[in-house]
Amino acid sequence: EGPGMRRKAMANAWTVHATRWPRQCARRFRSTESARQSNSEKTSTSLWRRLARVGVAFGVGTGIGFTVSDQPWVRHVLFEASSATVPLIRLLDGETAHLLAVWAAKHRLLPKEMRPDPECLRTVLWGREFSNPIGLAAGFDKNGEAIDGLLDLGFGHVEVGSQAATWKSETTVFRLVDQRAVINRYGFNSEGVEEVHGRLARRLSQRTNELGLVGINLGKNKTSEDAAADYVTGIKRLARFADYLVVNISSPNTPGLRALQGRKQLETLLKQVLHARNAMTWGIRGPPPLLIKIAPDLSEEDLEDVAAVATRLRVDGLIVSNTTVARPPEISSAKHGEETGGLSGKPLMESSTNVLHRMYELTNGRIPLVGCGGVSSGEDAYAKICAGASLVQLYTSFAFDGPALVPRIKRELVECLRRDGWSSVSEAVGSAHRTTA
């Protein structure tokens, strides 16, 4: 008992330091902005020293955590301390911060969730069991580099991509911190299907019993004239590594992509993609389910077309939604608010949930939906579920809040379910429609 109490006291002391210091450091850094501009080299050195200090502190804390890793309070300490570095990481430009986060997850330097998910969060969909409905949306790990490190955080699923056959594009991202939003022009920049195929094949050969499921999000090349061929290539090369597949037809950063959401174009595309998937040899589990990811900017007619095609061709699910090209007043008046690209984050929550609600109605609840867009709390996730989502995805809030967001959202979601008398996520799916009927 004595050594255990000492370890706990050491961990608590470290947590106080590790959670306070990065925020203090960031405030001091911003207050000396003019000095930074006049002496960029000195400041750059100082910044990297500060980042190194965070790394050392986190390494020490992780070491302490490993000695008592079966204790829930230690998991809480490590997640909170890891998120405390986020204000400092935001001093880097968006692309560099993103690469750093992927690198940390790739090398499994982020905290690992050891606490089991509550039974009420367990979700069974398409014959696959998700320990919880909260997933990381496509865009964070485009090349499948950090899957297991991200699953370590406690996500129920992680989506890789979007993947195109081969395409490197301009990568520009703008943070709107006060609005908790991001505008990006990433597009489907990736290492290409073949590179990702090799990486996923190596992972499959080395895999033991990792928890969590993996989706693979597919796109088309920027200059391709045959979109279907690009998706079919992705299916043939990557489908066997996927627990589910996503046909992304809604990125605003790929010329002509959103035109594929029209009834005729969508039906033609999906017939070819489904044929390619079904023509492959599958085991007793069958082929991975195929989902479509749509935009939040679709008109009522477009939504009706998507619902009709998805229902007729028996598509396995819809992800609602991608980023938006709309600019609400609070965004357009903000710095960088008029930049072109896809807007994600908190301002997207209402519009994407409205589209989710409508798609549930148009499909009569017969097609599983994944709610994505603006989720930053358990209440947000619960709102998506009540609107009709069986699974929920997030990304931008993860970039703002760090690893501690994952257990917090799950904890808050459990509270929402219990508050309203639901014993499982599946019971709550689409409940908003039942109460308003």
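Residues numbered from 1 in each chain as written. Predicted model: local features only at pLDDT ≥ 70, side-chain atom pairs only at ≥ 80, totals over all residues. Heavy atoms only, no water.

Draft legend 1. Broad picture of the overall build of the protein. Within the protein one finds 18 helices and 13 strands. Per-residue burial over the protein gives 57% buried out of 437 residues. A fraction of 73% describes how many contacts in the protein between residues 6 or more apart in sequence connect residues 24 or more apart. Split by element, the accessible area of the protein, about 19200 Å² in all, is 52% carbon and sulfur. (Helix = DSSP H or I, 4+ residues; strand = E, 2+ residues; numbered from the N terminus. Buried < 20%, exposed > 50% of the residue type's maximum accessible area, 1.4 Å probe, protein only. Contact = heavy atoms within 4.5 Å. Areas by Shrake-Rupley, 256 points an atom, 1.4 Å probe, with all protein chains shown as cover.)

Draft legend 2. The arrangement of empty space enclosed by the protein in detail. Inspection of the entire model under this criterion finds two cavities of 30 Å³ or more. In this structure, the second largest cavity spans a volume of roughly 40 Å³. For the lining of the second largest cavity, the secondary structure elements donating two or more residues are helix H4 (72-83) and helix H16 (405-419). Grouping the constituent residues of the lining of the second largest cavity by class yields three nonpolar, one polar and four charged. (1 Å grid on protein atoms, 1.4 Å probe; cavity = no way out; pocket = protein on both sides within 12 Å on 5 of 7 lines; lining within 4 Å. Points joined across faces, edges and corners; volume = space filled by probe spheres on them. Nonpolar A, V, L, I, M, F, W, Y, C, P; charged D, E, K, R; others polar.)

Draft legend 3. Quick peek at the packing of aromatic side chains. Under the definition given, this model contains five aromatic pairs. Ring centres of Trp-126 and Phe-130 lie 6.4 Å apart, and the angle between their planes is 70°; this geometry places the pair in the edge-to-face category. Grouping residues by exposure puts Trp-126 and Phe-130 together as buried. The interplanar angle of 80° and the centroid separation of 5.9 Å between the aromatic rings of Phe-140 and Tyr-395 together place this pair among those described as edge-to-face. Taken as a pair, Phe-140 in the loop between strand E3 (134-136) and helix H7 (147-151) and Tyr-395 in the loop between strand E13 (389-394) and helix H15 (396-401) lie far apart in primary sequence, 255 residues in all. On the basis of relative accessibility, which here comes to 23%, the residue Tyr-395 falls in the partly exposed class. (Phe/Tyr/Trp six-rings, centres within 6.5 Å; stacked < 30°, edge-to-face > 60°.)

Draft legend 4. Main features of the environment of Lys-236. Considering the arrangement of structural elements, one finds Lys-236 in helix H9 (residues 227-238). Once the C-alpha coordinates of Lys-236 and Val-193 are considered, the two residues, 43 residues apart in sequence, prove to be 10.0 Å apart.

Draft legend 5. Expanded view of H4. Relative to the 16 Å expected for 12 residues at 1.5 Å per residue, H4 spans 17 Å between its end C-alpha atoms, a close match to the ideal helical length. By the burial criterion, the buried members of H4 are Val-74, Arg-75, Val-77, Leu-78, Phe-79, Ala-81, Ser-82 and Ser-83. (Expected span 1.5 Å × (residues − 1).)

Draft legend 6. Focus on the pairing of strand E8 (residues 244-248). Counting buried positions along E8 gives five out of five residues, so the element sits mostly inside the fold. Burial along E8 is two-sided: Tyr-244, Val-246 and Asn-248 facing one way and Leu-245 and Val-247 facing the other are all buried. With four bridges joining them, strand E7 (residues 213-218) and E8 adopt parallel strand pairing. Residue pairing in the sheet places Gly-215 in a bridge with Tyr-244 of E8. Here E8 runs beside strand E9 (residues 290-294); their pairing, made up of four bridges, is parallel. Opposite Val-246, over in E9, you have Leu-291 as the bridge partner. (Pairing = 2+ DSSP bridges.)

Draft legend 7. Structural detail: the pairing of E13. Within E13, six of the six residues are buried, leaving the element largely enclosed by the surrounding structure. As judged from the four bridges shared by strand E12 (residues 369-372) and E13, these two strands associate in the parallel manner. What sits directly across from Val-370, in E13, is Leu-391. In this fold, the crossover linking E12 to E13 by way of helix H14 (residues 378-387) has right-handed handedness. (Right-handed = clockwise from strand over helix to strand, strands pointing away.)

Draft legend 8. Layout of the nonpolar core. The biggest cluster of nonpolar side chains holds 82 residues, and the ones touching the most others in it are Leu-150, Phe-155, Ile-292, Ile-294, Leu-318, Met-359 and Phe-398. If one sorts the elements of this core by residue count, H16 sits on top with seven residues. Leave out the neighbours within four places in its chain, and Phe-155 touches Asn-132, Ile-134, Gly-135, Leu-136, Leu-150, Leu-394, Phe-398 and Val-406. Core analysis: the next-biggest nonpolar cluster, separate from the first, contains 12 residues, Leu-125, Trp-126, Ile-319 and Leu-391 among them. (Core = buried A, V, L, I, M, F, W, Y, C linked by side-chain atoms within 4.5 Å.)

Draft legend 9. Molecular detail of the packing of helix H10 (residues 263-279) against helix H11 (residues 300-312). With their axes 9 Å apart at the nearest point, H10 and H11 run at an angle of 25° to one another. Regarding the angle of H10 to H11, the classification is roughly parallel. Considering only the axes of H10 and H11, their crossing is right-handed. Between H10, through Arg-263, Leu-266, Glu-267 and Leu-270, and H11, the contact on the second element is made entirely by Glu-304, Asp-305, Val-306, Ala-308, Val-309 and Arg-312. (Axes fitted to C-alpha atoms, helices over the stretch in contact; angles between N-to-C directions. Parallel < 35°, antiparallel > 145°, perpendicular 65-115°, else oblique. Left-handed = near helix turned anticlockwise from the far one by under 90°.)

Draft legend 10. Structural context of the sheet that holds strand E6 (residues 181-184). In spatial order, the strands read E5-E6-E11; together these three strands make up an open sheet with antiparallel pairing. Among the strands making up the open sheet, the edge pair consists of strand E5 (173-176) and strand E11 (342-345). For this sheet, the mean angle separating the axes of adjacent strands, direction not counted, is 20°. Taken together, the four bridges between E5 and E6 define a ladder with antiparallel strand orientation. Within E6, the residue paired with Arg-175 across the bridge is Val-182.

Draft legend 11. Highlighting the side chain of Glu-159. If you trace the backbone, Glu-159 turns up in strand E4 (residues 157-163). Summary of buried charges: Glu-159 has no salt-bridge partner, and the nearest side chain of opposite charge, Lys-293, is 4.8 Å away. Reaching out from Glu-159, the side chain makes a polar contact with the side chain of Tyr-244 at a distance of 2.6 Å. Setting aside residues up to four positions removed in sequence, Glu-159 forms contacts with Leu-136, Ala-137, Ala-138, Asp-141, Gly-215, Asn-217, Tyr-244, Val-246, Ile-319 and Gln-393. (Lys, Arg positive; Asp, Glu negative; His and termini not counted. Salt bridge = Lys/Arg side-chain N within 4 Å of Asp/Glu carboxyl O. Polar contact = N/O pair within 3.5 Å; in protein donor to acceptor, adjacent residues only side chain to side chain.)

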